[in-house]
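These are the residues of each chain, in order.
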Amino acid sequence: MNRNSDDAPAKPPVQAVARIVLVDTNSFLRLYHSPVVPFLGQEAAGYRLLTLATLIDEFRSSPRLMNDYAWVAKAMTGEDLQKAAVKLTAAESALVHAESKFQKQYANRILEAHCLDKNLKIVRSLSGRDVQLLATAIVLGAVIATDEWPLKFVVDDLMSVEGDYDIDVISSLDVLKSLEADGRLSRAERISTVRSWLRFGECLPTKWREIYSQLFGEGAPSL
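These numbers come from a predicted model, not from an experiment.

Q: Is there a simple way to think about the packing of aromatic side chains in this case?
A: The geometry of two aromatic rings is summed up by the distance between their centres and the angle between their planes. Tallied over the full model, the rule gives 10 aromatic pairs. Measuring from centroid to centroid gives 5.2 Å for Phe 28 and Tyr 32, while their planes differ by 80 degrees, and the two rings are edge-to-face. In this structure, Phe 28 and Tyr 32 share a single accessibility class: buried. Note on Trp 149 and Phe 153: the rings are 6.3 Å apart at their centroids and 85 degrees apart in plane angle, and the pair reads as edge-to-face. Residue Trp 149 and its partner Phe 153 are both found in helix α8 (residues 149-159); the two are separated by 4 residues, about one turn of the helix. On the basis of relative accessible area, Trp 149 is assigned to the partly exposed category, the value being 35%.

Here it is as structure tokens:
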């Protein structure tokens, strides 16, 4: 007896794969102002929030950072640090190493040209950690979460040629938006988190208030 196709078992629905978001150092520290712990290694609104193992190690091995950001050190005890850092295969690690060498030269060259063109007093460059984060995002086709304009400038430049790089860049506010959309952060907690940034004297992007209003449809909080 032939089996009718209508009798065949239904195929399970295809699960959407969350896109990796690699959180840089400053965004990493700012997000720990929020009550959402753990957030690293977790998924929110289609994103999977991760960082570099070297960034975690750098923080934990720095007495200054551990002292200045004592609440981060405390909050990190609630994180599964094995899940917090992006995992790379040997082949991916080799690609990241090669990409890092190229991007360090390219990124710093275009940043220098931009700073000189704008007559900026300080010529900016990417740190070794930023270059590694950028190269990792390129290899994995990931999103970078950063509030630092030099890294965003480089990512935007790489994205300007359609099809060359499957990467993107978002801010810490975008991450808060994702956490709130996922029901893991309330409006009151979001406002409290941003006020905490202000109290701590975080150096936020120049137009962060405009970005906040666009994302949340309301004015940005003040102290």
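Q: Can you help me understand the packing of helix α10 (residues 187-200) against helix α11 (residues 208-216) in this one?
A: Each pair of packed helices can be described by the angle between their axes along with the distance between the axes. Between α10 and α11, whose axes approach to 14 Å, the crossing angle comes to 175 degrees. With respect to their mutual orientation, α10 and α11 come out roughly antiparallel. Here Arg 190, Ile 191, Val 194 and Leu 198 of α10 lie close against α11, whose contacting residues are Trp 208, Arg 209, Tyr 212 and Phe 216. When the residues that make up the contact of α10 with α11 are grouped by side-chain class, the tally is 6 nonpolar, no polar and 2 charged.

Q: It is not clear to me how unusual backbone geometry should be interpreted in this structure. Could you clarify?
A: Comment: phi is negative for the bulk of residues other than glycine, and the bulk of peptide bonds are trans. Pro 38 follows Val 37 through a cis peptide bond whose omega is 0 degrees. Structurally, Pro 38 is set in the loop between α1 (25-31) and β2 (43-44). Its identity is not glycine, yet Ala 45 carries a phi of approximately 50 degrees, on the positive side. Along the polypeptide, Ala 45 turns up in the loop between β2 and β3 (47-50). For Ala 45, a relative accessible area of 43% translates into the label partly exposed.

Q: Explain the packing of helix α9 (residues 172-181) against α11 to me, please; I cannot follow it from the model alone.
A: Packing of α9 against α11 brings their axes to within 10 Å, and their N-to-C directions diverge by 20 degrees. Considering their axes alone, α9 and α11 lie roughly parallel with respect to each other. Read as a crossing pair, α9 and α11 show a hand that is right-handed. In this structure, α9 uses Leu 173, Asp 174, Leu 176, Lys 177 and Glu 180 to contact α11, whose residues at the interface are Trp 208, Ile 211, Tyr 212, Leu 215 and Phe 216.

Q: Just to check I follow, could you spell out the sheet that holds β3 for this structure?
A: Sheets are built from strands that pair by backbone hydrogen bonding, the pairs being arranged parallel or antiparallel. Here 5 strands make up an open sheet; going across it, the order is β2-β3-β1-β4-β5 and the pairing mixed. Of all strands in the sheet, those bounded by a partner on one side alone are β2 and β5 (168-170). Strands in contact with α8 are β4 (143-145) and β5; relative to β5, the strand with the most contacts, it is inclined by about 145 degrees. Against the sheet, α9 makes contact with β2, β3, β4 and β5, and its axis sits at roughly 125 degrees relative to β3, the strand it touches most.

Q: Would you mind going over the pattern of salt bridges with me for this structure?
A: For side chains bearing opposite charge, pairing can occur when the charged atoms are close. For the structure shown, the criterion picks out 9 salt bridges. One salt bridge connects Arg 190 with Glu 180, and the closest N-O pair in it is separated by 2.8 Å. Placement of the pair is Arg 190 in helix α10 and Glu 180 in helix α9, with a sequence separation of 10 residues. Residue Arg 190 is classed as buried on the basis of its relative accessible area of 2%. The class of Glu 180 is partly exposed, set by a relative accessible area of 22%. The closest approach of N and O atoms between Arg 187 and Glu 218, which form a salt bridge, is 3.0 Å.

Q: Looking at this model, I keep getting lost on the nonpolar core. Mind explaining?
A: Nonpolar side chains tend to gather and get buried jointly when the protein is soluble and globular. Phe 28, Leu 134 and Leu 173 are the most contacted members of the largest nonpolar core, which totals 60 residues. The greatest single-element share of this core, amounting to 5 residues, is contributed by helix α7 (residues 128-140). Beyond its immediate sequence surroundings of up to four residues, Phe 28 is in contact with Val 23, Phe 39, Leu 40, Leu 55, Phe 59, Val 72 and Met 76.

Q: I tried to follow the environment of Val 36 on my own but got confused; where do I start?
A: Tracing the backbone through its elements, the reader meets Val 36 in the loop between α1 and β2. Those residues within four positions of Val 36 in sequence are excluded, and the remaining contacts are Leu 179, Arg 184 and Leu 185.

Parameters and conventions
- Residues numbered from 1 in each chain as written.
- Predicted model: local features only at pLDDT ≥ 70, side-chain atom pairs only at ≥ 80, totals over all residues.
- Heavy atoms only, no water.
- Phe/Tyr/Trp six-rings, centres within 6.5 Å; stacked < 30°, edge-to-face > 60°.
- Buried < 20%, exposed > 50% of the residue type's maximum accessible area, 1.4 Å probe, protein only.
- Helix = DSSP H or I, 4+ residues; strand = E, 2+ residues; numbered from the N terminus.
- Axes fitted to C-alpha atoms, helices over the stretch in contact; angles between N-to-C directions.
- Parallel < 35°, antiparallel > 145°, perpendicular 65-115°, else oblique.
- Contact = heavy atoms within 4.5 Å.
- Nonpolar A, V, L, I, M, F, W, Y, C, P; charged D, E, K, R; others polar.
- Left-handed = near helix turned anticlockwise from the far one by under 90°.
- Pairing = 2+ DSSP bridges.
- Salt bridge = Lys/Arg side-chain N within 4 Å of Asp/Glu carboxyl O.
- Core = buried A, V, L, I, M, F, W, Y, C linked by side-chain atoms within 4.5 Å.

Remember that the coordinates give geometry; whether it matters functionally is a separate question.
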